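Residues per chain are reported as follows:
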Amino acid sequence: MMRTPWLCLVMLSACANNVPQDRATGPDGRLKGAQRIALAEGEGRVRGIVTYPGGDRVDWKLIELPAGKRGKLDLQMSWTTPRPGLKVAFDVFDQWNTPVIKASTRSRGRSRNASITGAMGKYFVRIYAPGRGDAGAYNLTAAFLEDPPEDGGLDVLKLPIPDPPRLPDVPVAADPVATPTPPPVAPPPVTPPTPPITPPVTPAVVAAPLTARVLKIEVTSSYVDITVSAGSEFGVAKTWKASVLTGQTTTPLSGGAATVVRVDKRTTVLRVNLSAATIQANNMVRLSP
């Protein structure tokens, strides 16, 4: 989050005191407060500062691609540091909290490029200072190019349609003599009954269910535990219910009910009565309050 003046960033980086890494962070220091990068004509930019000594180590960004669109997402980040040798890094997660681009310290100069092919849906970018003394000001650019349609872009609704051939005129028959119709008799007015007044019902606020991916399968002699990609950051609690889904659908698998064993910050451990092979073939789980 860019709110620390550059002069303060230099002083804090030079001191590198042992301060909590989130002492001065803002809402975008957590996944739930990720700052949205708006895409205008397929491109969006954002800038900010991360500083480990200043207590603002991590900034989260959210990129939401157009609904139903698939394509290539290019990310380019450049940064400047208060002195040589300091670093800034970033990694990317999809909407199921699965890493799709991992952090790398191998970059050319003070910039790094990364691409995601077949991209669709939402992506979370985590920008951070890797080491205790690292700090820098960054500029991140996101560009999305939609894949061409499989039919080559042909729109059959826009094809020209020739006019049909003209037909000879049909002779019009003479109107028969109209017989006068007596005016209708209006029925007596009916007063509708007054409906009862029902007070409005205030709906209860309920956390929305979510879908997570299986990250790990642990088999013992008595049970099978699976680790899924959603935790307390997404609102999951130990009182929630869970069920393994069939394939990549939203239909619960027969016998796929799961019990919540432990809820961590970004993952949840579930216990199931299924084999490891069944879990590998059906690796999506539905979590609900």
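Preceding block: the structure.
In this text, all values refer to a predicted model and were calculated from it rather than measured experimentally.

Q: Can you help me understand the overall build of the protein chain in this one?
A: Secondary structure assignment for the protein chain yields 2 helices and 15 strands. Here the protein chain, with 289 residues, has 34% of them falling under the buried criterion. Put simply, of all contacts in the protein chain between residues at least 6 apart along the chain, 77% involve residues at least 24 apart. If you sum the accessible surface of the protein chain, you get close to 18,800 Å²; carbon and sulfur atoms cover 58% of it.

Q: Quick question: what am I supposed to make of the pairing of strand S4 (residues 71-80) here?
A: On any regular strand, side chains alternate: one points to one face of the sheet, the next to the other face. Sheet analysis places S4 next to strand S7 (residues 111-119), joined by 7 bridges and oriented antiparallel. Bridging across to S7, Asp-74 finds its partner in Ser-115. Both S4 and strand S9 (residues 135-146) contribute to a ladder of 10 bridges, which runs antiparallel. From the neighbouring strand, Leu-73 faces S9, where its bridge partner is Phe-144.

Q: Is there a simple way to think about the pattern of salt bridges in this case?
A: Opposite charge on two side chains lets them pair, provided their charged atoms get close. This structure, assessed with the given rule, holds 9 salt bridges. Lys-69 is paired through a salt bridge with Glu-146; the nearest N and O atoms lie 3.5 Å apart. Residue Lys-69 is located in the loop between strand S3 (58-64) and S4, and its partner Glu-146 is located in strand S9; the two are separated by 77 residues in the primary sequence. When its relative accessible area of 33% is taken as the criterion, Lys-69 is described as partly exposed.

Q: Teacher, can you tell me more about the layout of surface pockets here?
A: Once rolled over the atoms, a probe with the size of a water molecule shows which space is left empty. Size it by volume and the largest pocket reaches roughly 340 Å³. Taken together, 16 residues form the lining of the largest pocket, with Gly-29, Arg-30, Val-58, Trp-60 and Lys-265 sitting closest to its centre. Among the secondary structure elements, those contributing two or more residues to the lining of the largest pocket are S3 and strand S8 (122-128). Considering only residue class, the lining of the largest pocket consists of 5 nonpolar, 4 polar and 7 charged.

Q: Just to check I follow, could you spell out the side chain of Asp-225 for this structure?
A: Within the secondary structure, Asp-225 is located in strand S11 (residues 224-228). Here Arg-271 takes part through its side chain, which lies 2.8 Å from a polar atom of the side chain of Asp-225. Those residues in contact with Asp-225 that sit more than four places away from it in its chain are Lys-216, Ile-217, Glu-218, Val-269, Leu-270 and Arg-271.

Q: How should the packing of aromatic side chains be read in this particular structure?
A: Within a pair of aromatic rings, the relevant descriptors are the distance that separates the centres and the angle that separates the planes. Under the criterion given, the structure shown has 1 aromatic pair. The positively charged end of Arg-112 is found above the aromatic ring belonging to Phe-90, 4.8 Å away from the centroid. A cation over an aromatic ring shows up here: Arg-213 above the ring of Trp-96, its NZ or CZ 5.0 Å from the ring centre.

Q: It is not clear to me how the sheet that holds strand S6 (residues 99-101) should be interpreted in this structure. Could you clarify?
A: Strand pairing in a sheet relies on backbone hydrogen bonds. The paired strands run either parallel or antiparallel. Spatial ordering of the open sheet is given by S1-S3-S8-S5-S6, a layout of 5 strands whose pairing is mixed. The two strands at the open ends of the sheet, each matched to only one other strand, are strand S1 (35-36) and S6. Summarising the sheet, S3 and S8 pair through 7 bridges and their orientation is antiparallel. The residue bridging Leu-62 from the neighbouring strand is Phe-124, located in S8.

Q: Looking at this model, I keep getting lost on the environment of Leu-215. Mind explaining?
A: Turning to its location among the elements, Leu-215 is positioned in strand S10 (residues 210-219). Spatially, the C-alpha atom of Leu-215 lies 8.4 Å from that of Asn-283, the residues being 68 residues apart in sequence. Residues within four places of Leu-215 in sequence aside, it is in contact with Thr-98, Thr-227, Val-228, Ser-229 and Thr-267.

Procedures and definitions
Residues numbered from 1 in each chain as written. Predicted model: local features only at pLDDT ≥ 70, side-chain atom pairs only at ≥ 80, totals over all residues. Heavy atoms only, no water. Helix = DSSP H or I, 4+ residues; strand = E, 2+ residues; numbered from the N terminus. Buried < 20%, exposed > 50% of the residue type's maximum accessible area, 1.4 Å probe, protein only. Contact = heavy atoms within 4.5 Å. Areas by Shrake-Rupley, 256 points an atom, 1.4 Å probe, with all protein chains shown as cover. Pairing = 2+ DSSP bridges. Salt bridge = Lys/Arg side-chain N within 4 Å of Asp/Glu carboxyl O. 1 Å grid on protein atoms, 1.4 Å probe; cavity = no way out; pocket = protein on both sides within 12 Å on 5 of 7 lines; lining within 4 Å. Points joined across faces, edges and corners; volume = space filled by probe spheres on them. Nonpolar A, V, L, I, M, F, W, Y, C, P; charged D, E, K, R; others polar. Polar contact = N/O pair within 3.5 Å; in protein donor to acceptor, adjacent residues only side chain to side chain. Phe/Tyr/Trp six-rings, centres within 6.5 Å; stacked < 30°, edge-to-face > 60°. Lys NZ or Arg CZ within 6 Å of the ring centre and 35° of its normal.

Shape descriptors only; they carry no functional weight alone.
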